[in-house]
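If you want the building blocks of each chain, they are given just below.
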There are 2 protein chains.
Amino acid sequence: MPDYAIGVDLGGTNLRVAAFRPEGQMLEKISVPTNIGAGREHLIQTITEGIRKVTGEHLGERLLGIGIGVPGFILLEKGIITKSPNLPGLENFPMRDELEQRLATKVILENDANAAALGEKWMGAGRGVDDLVLLTLGTGIGGGIISGGQVLHGYLGMAGELGHILVDPRDGAAACGCGSTGCLETQASATAIVRMANEEIQAGRSPGLARHADAVTSAVVYEVAMEGDAEARSIFERMGRALGMGLSVLINTFNFPLYLLSGGVLHAWDLFAPVMLEETRKRSLTLRQSDTRIDKAELGDLAGLYGAARLVL
Amino acid sequence: MPDYAIGVDLGGTNLRVAAFRPEGQMLEKISVPTNIGAGREHLIQTITEGIRKVTGEHLGERLLGIGIGVPGFILLEKGIITKSPNLPGLENFPMRDELEQRLATKVILENDANAAALGEKWMGAGRGVDDLVLLTLGTGIGGGIISGGQVLHGYLGMAGELGHILVDPRDGAAACGCGSTGCLETQASATAIVRMANEEIQAGRSPGLARHADAVTSAVVYEVAMEGDAEARSIFERMGRALGMGLSVLINTFNFPLYLLSGGVLHAWDLFAPVMLEETRKRSLTLRQSDTRIDKAELGDLAGLYGAARLVL
């Protein structure tokens, strides 16, 4: 009777469920809309139905448990999501216990960035490395810290809020959703790229970006930068500089051998990475004196699924 | 036959050696000048003689080993100090092996700030806490991270360089000994206080400080501030603001329950702590949503001795 585990990635848009062998082989994967507007009970049913669809393919095998990556703060001991801007209906709901009861198997909740870091450690760019940090660059910036092969949770499960490393302490720096200003997230997320592009457009500095004024996305800014537009390029340089500042803080703090970046914005690596690496070297004696690696993650948006399954293995 | 351990604090000025019971009781302590000008062999002899003086009081007891706190980068596996601005003669010398040979007992080297953090965890302000960060405010700023009850070393033993968290990314920010600019150490160490005071004096902004222009120390700046001098007070507020920025980064990263500060500058707590705590709260959602504590360390300059002994227990 072969063993398997289920990984779930519960996003604000899509719910994805996949089965894995304990050795790391992904068996099958399904994706359905999360449809959060339909309310909590509908969402819980969507999750349980998605999981049953996958477990239905493994009758006669032994399910070791279900790991679920969630975008938000999680009280690990209680299995409760305390704060999730993308899934407000699940806040302060005993999600883990409810799912364990309905599915009659072990369920573990984990922050999605932590799950992604664990996934990269297990089957991605961090294979064979026991200590690493992952920065997930998306709408916001998340962080996952793997120390001694395990997720570093902190005493309430809130560790790894690396999007809120300070990179611009000036008064009047960009406001962050966390209530502070000048966080890494305000300088290097996809949202930050769009904001900086809109600032360029409004200041009349970038005709190249102005042509897309109605529909600025980070992908558009990338395209305009690749066409050679200086202002669009400078946005990625600012992003790289901010990432370099954040990485230097992490390297000086942890002295881990590996720091990974993931997220859709990675396709712009060639635009931001040279400045990022230069800034990190400038600000980290530890980096200059060691063979510390800064690299791209490998599993893309599947990292969280892998890591979620790994939680129960 | 009772057990005991030896803790050594090898400073640039004084060498201190103390014996401890495994339960944490300090038995006796000696202090002798380090006299680094007399060369390496003299220093090694000073260390071994200091240790023998203490072990001589415990004939018939069982020595469990010797822990040594050293100001510098240490390659833990090799027992070598790779970089120590205060003890340049010991750089790249197989110090641990040499001492183990001469003393015929187990020797463990540790960075002094790490040892101090471990000491505070063992018998100081961190008793009963398994996860904490200590910032040592002195000539420079050191850091020690205790995670799961153990020192977090990083893969080369260089973790915890918390004096090099970035708090002023502006071009032209104060230069740091690490090669970067705007590090926490350039804003909140005793050296930084003196530098900021001299800047006030040279700019003609502080008659109160100018009266001490020949001999500015952090203690002098403290005295002038306590007399009500606005510029001297603002120096401690800048220090507090920088510490708040650094602490917020640490709290957002680790979500540990306890962050401790130590060092002689702590006597100015009432001058810098209110700004520090306000800045930390502003910049850390994690702090605002939890009962995270920021507090003074308790063992003063004995923390490193305690922690060094704890290394071998």
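Below is a short write-up of the structure. (Residues numbered from 1 in each chain as written. Chains lettered and ligands numbered in written order. Predicted model: local features only at pLDDT ≥ 70, side-chain atom pairs only at ≥ 80, totals over all residues. Heavy atoms only, no water.)

Section: the sheet that holds strand S10 (residues 150-151) of chain A
Residue and element names in this part refer to chain A. Taken together, 5 strands build an open sheet; the order of strands is S10-S9-S8-S11-S12 and the sheet is mixed. At either end of the open sheet lies a strand with only one pairing partner, and these are S10 and strand S12 (293-296). As judged from the 5 bridges shared by strand S8 (residues 132-137) and strand S11 (residues 258-262), these two strands associate in the parallel manner. Bridging across to S11, Val133 finds its partner in Tyr259. Helix-sheet contacts for helix H9 (residues 269-283) involve S11 and S12, and the interaxial angle to S12 is about 165°. (Pairing = 2+ DSSP bridges. Helix = DSSP H or I, 4+ residues; strand = E, 2+ residues; numbered from the N terminus. Contact = heavy atoms within 4.5 Å. Axes fitted to C-alpha atoms, helices over the stretch in contact; angles between N-to-C directions.)

Looking at the relation of the copies chain B and chain A
Of the two same-sequence chains, chain B is brought onto chain A (RMSD 0.0 Å, axial shift 0.0 Å) by a rotation of 180°. Put plainly, the chains are arranged around a two-fold axis. Residue by residue, 100% of the interface of chain B is reproduced at the interface of chain A, so both copies engage with the same surface. (Least-squares fit on C-alpha atoms with pLDDT ≥ 70 in both.)

Description of the interface of chain B and chain A
With 44 residues of chain B at the contact, the number on the chain A side is 44 residues. Between chain B and chain A, roughly 3,500 Å² of surface is buried when both sides are summed, and carbon and sulfur atoms account for 56% of that area. In terms of surface lost to chain A, no three residues of chain B exceed Tyr155, Asn255 and Arg283 of chain B, which account for 18% of the buried area on that side. Among the ionic pairs, Arg241 of chain A bridges to Asp171 of chain B, the shortest N-O distance being 3.6 Å. Applying the counting rule to chain B against chain A returns 26 residue pairs in polar contact (both at pLDDT 80 or more). For the side of chain B that touches chain A, the secondary-structure elements that each account for two or more residues are strand S9 (141-147), helix H8 (230-254), helix H9 (269-283) and helix H10 (285-288) of chain B. By residue number, the principal contributor to the side of chain B that touches chain A is H8 of chain B, which donates 6 residues. (Buried area = accessible area lost by both parts, 1.4 Å probe. Salt bridge = Lys/Arg side-chain N within 4 Å of Asp/Glu carboxyl O. Polar contact = N/O pair within 3.5 Å; in protein donor to acceptor, adjacent residues only side chain to side chain.)

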